[in-house]
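Topology and contacts: notes
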Amino acid sequence: MDAHFVKSVFALKDLPNDRIPEIAVAGKSNVGKSSLLNKILNKRSLAKTSQTPGKTRCLNFFHVTPEKRGPFHFVDLPGYGFAKVSQTMRDEWGKLIDAYLALNDRPSGVIALFDARREPTDVDMDWIAWLGEWGRPYLVVLTKCDKLSKNEQAQSIKRWTLDELKVHKPILSSAQEGIGVDKIWQWIDEVRAGRKKAA
Ligand code: GDP
């Protein structure tokens, strides 16, 4: 598998021209996004690229060529969706991501990461509700599940299923133990094949 950082995009006019599928990934800082992306891509420190200064307020594109599958882009949306009620959403960066997600044909789906130990906040629920209305597939991934007992993991799934928001069943992940990686690949394959429907 090949995976490499392509570019940071600060304006829609700078989006990559190669029209390959795009899977966006969103999560609060420290949720374990870099660790999980590195695990999915089998790399040691690829995703940290997007945390270097100047690369936290933009869309970060990674080009991925998995074995036996066609290429696609992972698009890191740093911190997006977690400041909806704050000033941040009204700044240029929030507008850029809104505009990107509103484009007709990109991205194909969104992976939203939350720490499995946390309770959903109002802001998290707003963001998940928004994803539901968005009309394209999304996946809620609950990270660092190795820190929970089996019983706590089951409770975490339950509290993030949020029936009233019609959330697709969330999945548990652990970058440390490689949990959830196969399911995330399966979801990506289904999205890319157009088999995964929106909520
Ligand atoms: P990011 O800011 O979302 O990119 O988060 P990082 O991937 O840098 O991880 C933040 C912290 O959580 C680091 O100290 C990681 O070692 C730790 N971490 C990340 N994933 C896991 C995991 O699956 N299990 C455990 N126990 N710790 C994790």
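This one's a predicted model, so the numbers in the text were calculated from it and none came from an experiment.

This part covers the overall build of the chain. Per the secondary structure count, the chain includes five helices and seven strands. The linear arrangement of helices and strands in the chain, starting from the amino end, is β-β-α-β-β-α-β-α-β-α-β-α. Sorting the 199 residues of the chain into buried and exposed places 48% on the buried side. Sequence-distant contacts in the chain: of pairs separated by 6 or more residues, those separated by 24 or more amount to 74%. By element, 49% of the accessible surface of the chain is carried by carbon and sulfur atoms, the whole surface being about 9700 Å².

Contact pair helix 1 (residues 33–41) / helix 5 (residues 181–192): the axes reach a minimum separation of 10 Å and the direction vectors enclose 75°. Relative to helix 5, the element helix 1 lies roughly perpendicular. Along the contact surface, helix 1 presents Leu-36, Lys-39, Ile-40 and Leu-41, while helix 5 presents Val-181, Ile-184 and Trp-185. For the contact of helix 1 with helix 5, the residue count by class is six nonpolar, no polar and one charged.

The subject of this paragraph is the environment of Trp-93. When you line up the elements, Trp-93 lands in helix 2 (residues 92–102). Judged by relative accessible area, which is 8%, Trp-93 ranks as buried. Residues Trp-93 and Ala-11, spaced 82 residues apart in sequence, show a C-alpha to C-alpha distance of 9.1 Å.

Here the focus is the pairing of strand 4 (residues 72–78). In terms of residue burial, strand 4 counts as a mostly covered element, since seven of its seven residues are buried. On strand 4, burial covers both faces: Phe-72, Phe-74, Asp-76 and Pro-78 on one face and His-73, Val-75 and Leu-77 on the other are all buried. Relative to strand 4, strand 2 (residues 22–27) runs parallel, the two sharing six bridges. Paired with Ala-26 across the two strands is Leu-77, which belongs to strand 4. Between strand 3 (residues 59–65) and strand 4, which follow one another and run antiparallel, lie six residues, and Lys-68 among them has a positive phi close to 60°.

The residue His-168 is located in the loop between helix 4 (150–161) and strand 7 (171–172) in this model. A relative accessible area of 26% places His-168 in the partly exposed class. A C-alpha to C-alpha distance of 9.2 Å links His-168 and Gly-132, two positions 36 residues apart in sequence.

Glancing now at the nonpolar core. Core analysis: the biggest nonpolar cluster contains 31 residues, and Leu-59, Leu-77, Tyr-100, Val-110, Phe-114 and Ile-128 have the highest contact counts within it. Of all the secondary-structure elements, those providing two or more residues to this core are strand 2, strand 3, strand 4, helix 2, strand 5 (109–115), helix 3 (122–134), strand 6 (138–143) and helix 4. When residues of this core are assigned to their parent elements, the largest contribution, five residues, is made by helix 2. Apart from residues lying up to four places away in sequence, Val-110 is in contact with Ala-24, Leu-101, Trp-127, Leu-131, Trp-134, Pro-137, Tyr-138, Leu-139 and Trp-187. One finds Ala-3, Leu-41, Leu-139 and Val-191 within the second-largest nonpolar core, a separate group that totals 24 residues.

All right, on to the packing of aromatic side chains then. Here a ring pair, both rings aromatic, is described through the centre-centre distance and the interplanar angle of the planes. For the structure shown, the criterion picks out seven aromatic pairs. Ring geometry for Trp-127 versus Trp-130: centroids 6.0 Å apart, planes at 15°, classification stacked. Highlighted residues: Trp-127 and Trp-130, both in helix 3, separated by three residues, approximately one helical turn.

Following the criterion strictly, the structure yields eight salt bridges and no others. Taking the shortest distance from any N to any O, the salt bridge between Asp-14 and Lys-13 comes out at 3.4 Å. Overall, Lys-13 belongs to the exposed group, its relative accessible area being 70%.

How each quantity is defined
- Residues numbered from 1 in each chain as written.
- Predicted model: local features only at pLDDT ≥ 70, side-chain atom pairs only at ≥ 80, totals over all residues.
- Heavy atoms only, no water.
- Helix = DSSP H or I, 4+ residues; strand = E, 2+ residues; numbered from the N terminus.
- Buried < 20%, exposed > 50% of the residue type's maximum accessible area, 1.4 Å probe, protein only.
- Contact = heavy atoms within 4.5 Å.
- Areas by Shrake-Rupley, 256 points an atom, 1.4 Å probe, with all protein chains shown as cover.
- Axes fitted to C-alpha atoms, helices over the stretch in contact; angles between N-to-C directions.
- Parallel < 35°, antiparallel > 145°, perpendicular 65-115°, else oblique.
- Nonpolar A, V, L, I, M, F, W, Y, C, P; charged D, E, K, R; others polar.
- Pairing = 2+ DSSP bridges.
- Core = buried A, V, L, I, M, F, W, Y, C linked by side-chain atoms within 4.5 Å.
- Phe/Tyr/Trp six-rings, centres within 6.5 Å; stacked < 30°, edge-to-face > 60°.
- Salt bridge = Lys/Arg side-chain N within 4 Å of Asp/Glu carboxyl O.

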